[in-house]
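Chain by chain, the residues run as shown.
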Amino acid sequence: MAETIGFSTKLIKETVTVDEQTGAANVPVYLSSTFHQKDFDNYGKYDYSRSGNPTRDALEEAIAALEGGVRGFAFASGMAAISTAFLLLSKGDHAVVPKNVYGGTFRILTQVLGRFGIEHTFVDTTNLQEVEQAIQPNTKVIYVETPSNPTLYVTDLRAIVKLAKAHRCLTFVDNTFMTPVFQRPLEFGADLVLHSATKFISGHSDVVAGLAVAGSEELAEKLYFLQNALGAILGVQDSWLLLRGLKTLDVRIRKSADSAQKVAEFFEKQPEVRQVFYPGLKNHPGARLHAGQAASGGAVLSFELKDEASARTFVNHVKLPVFAVSLGAVESILSYPPRMSHAELNEEERVKAGIGSGLLRLSVGLEDAEDLIQDFSDALAYVRDQERFAVGSGE
Ligand SMILES: *Cc1c(COP(=O)(O)O)cnc(C)c1O
């Protein structure tokens, strides 16, 4: 049966564990840092909660099964997971990393790992030739985020894995934007999947957490050693909350993605919107590639207004989304990448990364798509008036 069940069934099967002693339909919150050993000579499965905790285990087993990996790991944040993963590398090793990688990953590579002799080269991972040219004899990892943040560029997972294997490198994939509901990189041969579980997997803007899933026993053992050694584990109560969020991931992200498609199509028709970045749109440059490796365009899109003044007017007049960093929640989240996620880039770097001063990112939540579209339509009317006024006043 296990081979033929649908993903939704699998999700519930993997996240609902009936407690053997009591029949409780949820894994208990094992708030215990230590565990009594019954036998002087033979210790039990658990001894100390940094090394292992039954509540965290339930979450780690669930994410491993959903990503199709051999073992999962829960960390205190997405960055804790990503940093621990990079410490699989040693002094003198090199990683090939996307230019537009998540800001925190950029920071750990450029300001921390370099001090320990772990080198990197930033490339456009949508350009396979550029990726191949950046590979050196000491390259150990090709790191990928697809679709990327905030412009949703698509990287060819199969081609990157092939390239990595040909050069005896590992492939790490940050799968935060798609989640295993829509994209499972291990199935294409990637070695390690990483998540900021703060986003869709938690889903309620109430937990900061990270997850990693290893595709092989060998890598799993090394990562377990590092998780225990570094100790950046997810706490027990947050592990339980994440498991609870995970149970509804499938219905949440599918509804949000359906709405995101409608919102993207709406924005595409608005004269005030210069460009829409969403891999579910036919004219998105990565649309076909994305459709070949992911089941949906996802719930995040970006759109570009004329300039910062237009973006400000839009943000000041929308009523439904919260204006905040982060994404992947029940409420729609609107953010302004030039001042939020990508504030560390100077203007030239930003423009090079495709992040114009009028760019807004939208993570679509669970509101009715029609209400969101009405709200955006109303806000765009203010943008239109303001742009007209600016022209009239001879800006
Ligand atoms: C948020 C995010 C991270 C970092 O995760 P935290 O949970 O904030 O530490 C990493 N990658 C992507 C794509 C993200 O969106």
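Bear in mind that the values here come from a model prediction, so they are computed numbers and not experimental data.

Some remarks on the sheet that holds strand 8 (residues 275–277)
- Sheet architecture is open: five strands sit in the order 8-9-12-11-10, paired in mixed fashion. The two strands at the open ends of the sheet, each matched to only one other strand, are strand 8 and strand 10 (322–323).
- Across five bridges, the pairing between strand 9 (residues 300–304) and strand 12 (residues 359–363) is antiparallel. Paired with Leu 301 across the bridge in strand 12 is Leu 362.
- This element, helix 10 (residues 249–268), spans strand 8, strand 9 and strand 12 of the sheet and lies at about 10 degrees to strand 9.
- Along the sheet face, helix 12 (residues 308–317) touches strand 9, strand 10, strand 11 (333–335) and strand 12 and points at about 30 degrees away from the line of strand 12.

What to know about the site of the ligand
- All residues adjacent to the ligand are Ser 77, Gly 78, Met 79, Ile 82, Tyr 102, Asp 174, Thr 176, Phe 177, Ser 196, Thr 198, Lys 199 and Ala 209.
- Between the ligand and Ser 196, the relevant distance is 2.8 Å, taken from an oxygen atom to a side-chain nitrogen or oxygen of the residue.
- Here Thr 198 contributes a side-chain N or O atom positioned 2.6 Å from an oxygen atom of the ligand.
- Its free accessible area being 380 Å², the ligand has 91% of it covered by the protein chains.
- At a threshold of 2 Å from the grid points, most atoms of the ligand map onto the largest pocket.
- By residue number, the principal contributor to the shell around the ligand is helix 3 (residues 78–86), which donates three residues.

Here we look at the UniProt feature "modified residue: N6-(pyridoxal phosphate)lysine" (unreviewed entry) in the chain
- According to UniProt, the "modified residue: N6-(pyridoxal phosphate)lysine" (unreviewed entry) feature falls on Lys 199.
- Counting through the fold element by element, Lys 199 comes out in the loop between strand 6 (192–196) and strand 7 (210–214).
- Given a relative accessible area of 11%, Lys 199 falls into the buried group.
- When near neighbours in sequence (up to four residues on either side) are disregarded, Lys 199 contacts Thr 176, Ser 326, Leu 327 and Gly 328.

So, the packing of aromatic side chains
- For the coordinates displayed, the defined rule picks out ten aromatic pairs.
- Taking the centre distance of 5.5 Å and the plane angle of 50 degrees together, the rings of Phe 266 and Phe 267 count as tilted. Comparing Phe 266 with Phe 267, the two get one shared label, buried.
- When the ring of Phe 267 is compared with that of Phe 376, the centres are 5.4 Å apart and the planes differ by 25 degrees; the resulting orientation is stacked. Linking Phe 267 in helix 10 with Phe 376 in helix 14 (residues 369–392), this pair joins segments that are 109 residues apart in sequence. Taken individually, Phe 267 and Phe 376 each receive the classification buried, so the pair is uniform in this respect.
- One aromatic cluster is present, built from ring pairs that chain together Phe 266, Phe 267, Phe 303, Phe 314 and Phe 376.
- Arg 71 extends its terminal NZ or CZ atom over the ring of Tyr 224, reaching a point 4.5 Å from the ring centre.

Points about helix 2 (residues 54–67)
- Taking 1.5 Å as the rise per residue, helix 2 with 14 residues should run 20 Å; its terminal C-alpha atoms sit 20 Å apart, in good agreement.
- With 13 of its 14 residues buried, helix 2 lies for the most part within the structure.
- A side-chain oxygen of the first residue of helix 2 lies 2.8 Å from the backbone nitrogen of Thr 55; this N-cap is Asn 53.
- Positive phi shows up at Gly 68, right after helix 2, with a value of about 75 degrees.

About the cut-offs
- Residues numbered from 1 in each chain as written.
- Predicted model: local features only at pLDDT ≥ 70, side-chain atom pairs only at ≥ 80, totals over all residues.
- Heavy atoms only, no water.
- Pairing = 2+ DSSP bridges.
- Helix = DSSP H or I, 4+ residues; strand = E, 2+ residues; numbered from the N terminus.
- Contact = heavy atoms within 4.5 Å.
- Axes fitted to C-alpha atoms, helices over the stretch in contact; angles between N-to-C directions.
- Near = heavy atom within 4 Å.
- Polar contact = N/O pair within 3.5 Å; in protein donor to acceptor, adjacent residues only side chain to side chain.
- Areas by Shrake-Rupley, 256 points an atom, 1.4 Å probe, with all protein chains shown as cover.
- 1 Å grid on protein atoms, 1.4 Å probe; cavity = no way out; pocket = protein on both sides within 12 Å on 5 of 7 lines; lining within 4 Å.
- Sits in = over half its atoms within 2 Å of the grid points.
- UniProt positions renumbered as here; feature names shortened; annotations may be inferred.
- Buried < 20%, exposed > 50% of the residue type's maximum accessible area, 1.4 Å probe, protein only.
- Phe/Tyr/Trp six-rings, centres within 6.5 Å; stacked < 30°, edge-to-face > 60°.
- Lys NZ or Arg CZ within 6 Å of the ring centre and 35° of its normal.
- Expected span 1.5 Å × (residues − 1).

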